[in-house]
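An overview of the molecular structure
Residues per chain, in single letters:
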Amino acid sequence: MLDLESPGESCEPGEKLKASQRKISLSHLLCVKKHKDDSGCSGVRSKTKFVTLSHFDEMALLSDYRFLEDTGRFSDSATRDNLIRTPRTTAKARRLAAHARKMNITLRFLPVTFTKSKENSTFFIQKEKRFLWHLKLIFPQSNTEFSKRSVSDDKSLIQILTAYIHPTESDPVTRQKLKMYVNYPFNHLKVFLKAEGRKANSVRYHELDLEKSLRENLSGKTLIEYPVLHVVLTDYWKDYPLKGAAEPAPACMSSATRNVWMDQEGQKEEVEEKEVVAAKDSPHIQESYRPGGTNICTRAREMTPETEAPQEKRAKRGAEDGEQEEGEIIDSSDEEDRNESQ
């Protein structure tokens, strides 16, 4: 009779080897897991870890080379990303900007991948010729902010704020969050709009009129996507410096006293009477005297643009494009918008 072997005895040597290897790998896996738990190691070698020159070998050099290759590959893939290549603005945004321009409002837009651009729900009612703004209200003294959709531009600021801080007509939950504001009358509040297009170290604000409509308050202002209003209590008004008009450069200077004025970079230039008199015979400078020698205009009006003084050039640009206050950043897109509208 044939002896029947049990299944365990019929295992080939190769299968026994595989089984033993599985046991070893499982034991190693437990060791690796314990090592990660004890040392906090992630199991992935740091590609940017500092290597001393004495330990810098061929493997470290190869690791750095591969790291640079990966960086270049990642950078190249980013430029091919459809989101990155998306146009800066959409046709809808350009139409909104055109309607805003007719109301003397400069409306700017961020790239469509930005959060502020995605949350912007502003639209324009063509038949009624009015905006329904996406509006953000910031209440800094309560450390709270609200976003509201479809705010008509014909509403006054008092009407808008009534729903938030009126003692009886506001929402009870909102009123509880803004109880610090509810205790003050409206004449103890001010609403500010940040002046856009300024340097980070020269932040300024526009003060808005509570009695006027949103459209009237936004006229002559620049917005990024939608209005963001800061509602501030009396004791904190000083923290919101206002945007002022730039002073024009002086055309004539008095000869009776020493004149000092501040140029655009904040440096003082002094002009004395004897310097003016010494330049009297120059063919490029004309002087006109009044009885008693009270006024002297030193700059010739027939100067070419190439020879005009920097102060006069700035004054001429200010007359053509509007006064520019110190700290403002010139936006080249203004010229582009004007060209598109023509």
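Above this note sits the structure.
Below you will find a few notes about this structure.

The rules behind each value
Residues numbered from 1 in each chain as written. Predicted model: local features only at pLDDT ≥ 70, side-chain atom pairs only at ≥ 80, totals over all residues. Heavy atoms only, no water. Salt bridge = Lys/Arg side-chain N within 4 Å of Asp/Glu carboxyl O. Helix = DSSP H or I, 4+ residues; strand = E, 2+ residues; numbered from the N terminus. Buried < 20%, exposed > 50% of the residue type's maximum accessible area, 1.4 Å probe, protein only. Expected span 1.5 Å × (residues − 1). Arc of directions from axis to C-beta. Contact = heavy atoms within 4.5 Å.

Across all of its chains, the model carries 5 salt bridges by this definition. When the shortest N-O distance is used, the salt bridge between glutamate 207 and lysine 190 registers 3.5 Å. Here glutamate 207 is found in strand 6 (residues 205-208), whereas its partner lysine 190 is found in strand 5 (residues 189-194), with 17 residues between them in sequence. Its relative accessible area of 38% is what places glutamate 207 among the partly exposed residues. The partly exposed category is assigned to lysine 190, whose relative accessible area is 22%.

Over its 12 residues, helix 3 (residues 91-102) extends 17 Å from the first C-alpha to the last, a length consistent with the 16 Å expected when each residue adds 1.5 Å. Ala93, Leu96, Ala97, His99 and Ala100 are the residues of helix 3 that are buried. Burial along helix 3 is one-sided: seen end-on, the buried residues are contained in an arc of 165°. Turned more than 90 degrees from where helix 3 packs its buried face, Arg95 and Lys102 sit exposed. Buried positions along helix 3 lie against strand 1 (106-108), strand 2 (123-125) and strand 3 (130-139). Downstream of helix 3 by a residue or two, asparagine 104 has a phi angle that is positive, lying close to 65°.

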